[in-house]
Amino acid sequence: MAHRWTNTLTRNDVTEERLWLNRRQIMAGLGGMAVAGLAGRAGAAEGLEPNSYEEITSYNNYYEFGTGKDDPARYAGDLTISPWSVKIDGMVDKPGEYGFDDILSKMTLEERIYRFRCVEAWSMVVPWTGFELADLLTMAGVKSGAKYVAFETVLRPDEMPGVRYNVLDWPYVEGLRLDEAMHPLTIMATGIYGRDIPRQNGAPLRLVVPWKYGYKSIKSIVRITLTDTQPPTSWNKANPNEYGFYSNVNPQVDHPRWSQATERGIGGGLFAKRKDTLMFNGYDEVASLYEGMDLTVNH
Ligand code: MTE
């Protein structure tokens, strides 16, 4: 599949941990893929120091395992992630159940260092390994007339202690407009620092949309549906006044209960200076997707 995105950061800009490509991803590499995309133009994560593997994998939001930041690392260990398959259905030419290893063998894996901004006003920089969602959708064949993509997380009450509580309406669901889903910045992540993505971060594959708040980045995906109507999203269902469908990072719009203007980098220490939050999280190249839309109304 074509590479339409590049990143200026070289491998030397990331700490040592990235050097270990795990077996699966090396095997995947033998199947015609390369972990590439490490030279080229400036990205929004340019010059930023990636968070450590430890920070990225111990401070998480994955409410199926509890609402505390350390609950996912503590309780996600029992989630069965192999075998895994993703059902792709709705307005596609080739609907079906796609095995995870089969998907991996057909996709181009790349390492991409993305800024990640949470609605709670903290942020991280994460070196993901993944492939473009567009490539997966193209493989399934998007039918004309499809306008949105809906995503669903696995729901396994026996393995997910948090779903006993009705904090959200399970399963976790999310959605993108088709052009957002097809944008080359939108990836399905399968690794962090070149290792298989850990369960608490959404193993074996999760969405990453770097210009939107982190909650759009749905974890452990088992279903992707192409549709012509705007799909429901978990946080919007739970609290429509606070969480809109688009959920673009927009520092000018306050969350009803707190400001979105600044953010705290995880790992910077309690007294680290807060950073100004950037529109679209700094990914200006997506601005054209929203031309003519009022992003305070469509928040
Ligand atoms: N996906 C599922 N299935 N369940 C969740 O609770 N939380 C979201 C998102 N994806 C969540 C989810 C939120 S609020 C955030 S900020 C990110 O995951 C956190 O991703 P991370 O733990 O890898 O940093």
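Quick note: structure is the one above.
The notes below deal with the structure included here. It should be emphasised that the depicted structure is a prediction, and the values quoted were computed from it without experimental measurement.

Re the pattern of salt bridges
Going through the model one piece at a time under the given rule, you end up with 13 salt bridges. A salt bridge links K106 to D102; its shortest N-O distance comes to 2.8 Å. In this pair, K106 and D102 both sit in helix α4 (residues 100–106), 4 residues apart, roughly one turn of the helix. Judged by relative accessible area, which is 36%, D102 ranks as partly exposed. In this structure, the salt-bridge partner of D169 is K237, at a minimum N-O distance of 3.2 Å. Pair noted here: D169 is in the loop between β5 (148–153) and β6 (173–177) and K237 is in helix α7 (residues 234–238), with a separation of 68 residues, a long-range link. A relative accessible area of 42% means that K237 is categorised as partly exposed. Put simply, E110, R112 and E132 are held in one network by salt bridges that share partners.

With respect to the sheet that holds strand β2 (residues 96–99)
Within a sheet, adjacent strands bond to each other through the backbone by hydrogen bonds, running parallel or antiparallel. Pairing is mixed across the open sheet formed by 5 strands, whose spatial order is β2-β1-β10-β5-β6. The sheet is open, and its two borders are formed by β2 and β6, each paired with just one other strand. Going from strand to strand, the sheet's axes swing by 20° on average, the running direction of each strand aside. Sheet analysis places strand β1 (residues 85–90) next to β2, joined by 4 bridges and oriented antiparallel. By the bridge assignment for β2, K87 is matched with E97. On top of the sheet, helix α5 (residues 133–140) reaches β1, β2, β5, β6 and β10 (221–227); it is set at about 65° to β10, its chief contact.

Rules of the game
- Residue numbers here run from 1 along each chain, matching the order of that chain's written sequence.
- Under the rules for a predicted model, residues below a pLDDT of 70 receive no local features and side-chain atom pairs below 80 are neither given nor counted, while totals for whole chains, interfaces and linings still include all residues.
- Values shown for side chains rest on all heavy atoms present in the structure; no hydrogens or waters enter the calculation.
- By salt bridge we mean one thing: a side-chain nitrogen of Lys or Arg within 4 Å of a carboxyl oxygen of Asp or Glu.
- Helix and strand labels come from DSSP, where a helix needs a run of H or I of at least four residues and a strand needs a run of E of at least two; each type is numbered from the N terminus.
- Burial status follows relative accessibility: with a 1.4 Å probe on protein chains alone, a residue under 20% of its type maximum counts as buried, one over 50% as exposed, and anything between as partly exposed.
- Should DSSP find at least two bridges between two strands, the strands are taken to pair.
- Note on method: axes are straight lines fitted to C-alpha atoms, helices fitted across the in-contact stretch only, with angles between N-to-C directions ranging 0 to 180 degrees.
- Two residues qualify as a contact provided that any one of their heavy atoms is within 4.5 Å of a heavy atom in the partner residue.

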